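# Analysis of the macromolecular model
Listed below, chain by chain, are the residues.
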Amino acid sequence: MAFPRVIFILGGPGSGKGTQCKKIIDTFSDFVHLSAGELLRDAKNSGSTAGELIQKCMMEGSIVPAEVTVGLLKDAMIKFGWEKKRFLVDGFPRNDENYNAWFRILPDPYVECCLFLNCEDDILVKRILGRAEGRSDDNIETLTKRLNTYRDSTQPIIRRFAEAGKLIAIDAEGDVDTIFNRIRAALSL
Ligand code: UP5
Ligand code: MG
């Protein structure tokens, strides 16, 4: 039986997680892109019972309880076909609670690696404040909180993947295509 394979994509807000995942799925048909943030935004907009909680966490740059996020990821993986795919799980796991819940609730999917898009804060800030897609968390006040959460909660998870020998760090500064080529080389795509 073929288990689904998972690549987690982590990096600060604006490190290019969504941009690079889109390039991967546009180029390689066996990949599926699951953005935890997008799934949460869709759940919030569709009037889910967790909607208010999601909205509050996003505006505070804090992390939604894992039970909600892992549930959405699991449903999406089942919808796309649990087997035979390689899932790019973008923006998750962001803290210890996320990490532990994933391995408790979803023990089967094989985690190939965690791809870490490494980018300095000043570039992250420029990219996020330059994005004009109407995201309610793209303002300097919320962005400062997102960066703090990233440093305090998500960077320790990135170190955890490194200690497990599962981290692939990519220099995520430069133009989009250069970074994509670095990812292709690192993943042997
Ligand atoms: N851009 C991208 N690459 C560029 C490059 N090389 N050069 C120049 N510009 C570049 O890119 C951001 C912007 O930069 C875009 O305008 C792009 O064109 C440009 P993008 O690819 O969107 O970066 P990404 O890393 O995806 O940034 P995003 O803002 O999505 O990251 P976050 O991690 O902050 O957002 P996410 O949607 O994952 O999460 C939002 C919130 O949801 C979190 O703060 C949290 O409250 C909640 N959340 C959870 O609670 N749990 C989760 O598991 C996930 C999210
Ligand atoms: Mg994104």
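About the criteria used
- Residues numbered from 1 in each chain as written.
- Chains lettered and ligands numbered in written order.
- Predicted model: local features only at pLDDT ≥ 70, side-chain atom pairs only at ≥ 80, totals over all residues.
- UniProt positions renumbered as here; feature names shortened; annotations may be inferred.
- Buried ≥ 20, exposed ≤ 12 C-beta atoms within 10 Å, placed from the backbone.
- Helix = DSSP H or I, 4+ residues; strand = E, 2+ residues; numbered from the N terminus.
- Pairing = 2+ DSSP bridges.
- Near = placed C-beta within 6 Å.
- Nonpolar A, V, L, I, M, F, W, Y, C, P; charged D, E, K, R; others polar.

The name given to the chain in an unreviewed UniProt entry is UMP/CMP kinase, with Stentor coeruleus as the source organism. You can read under Catalytic activity (unreviewed entry) in the UniProt record for the chain the words "UMP + ATP = UDP + ADP". In its Sequence similarities (unreviewed entry) section, the UniProt record describing the chain reads: "Belongs to the adenylate kinase family."

## Some details on the pairing of strand S3 (residues 86-90)
The buried fraction of S3 is high, at four of five residues. For strand S1 (residues 5-11) and S3, the ladder comprises five bridges, and the chain directions are parallel. Bridge assignment links Phe8 to a residue of S3, and that residue is Val89. Across five bridges, strand S2 (residues 31-35) lies against S3 in parallel orientation. The residue of S3 that forms the bridge with Leu34 is Val89.

## Topic: the site of ligand 1
Taken together, the neighbourhood of ligand 1 is formed by 30 residues, with Pro13, Thr19, Ala36, Gly37 and Gly91 sitting nearest. At the level of elements, helix H1 (17-27), helix H2 (36-45), helix H3 (51-60), helix H6 (121-130) and helix H8 (176-187) are the ones that each hand at least two residues to the shell around ligand 1. Within the shell around ligand 1, the residues separate by chemical class into eleven nonpolar, twelve polar and seven charged.

## Comments concerning the pairing of S1
In terms of burial, S1 is largely enclosed, as six of its seven residues are buried. Sheet analysis places S1 next to strand S4 (residues 110-118), joined by seven bridges and oriented parallel. Paired with Ile7 across the bridge in S4 is Cys113.

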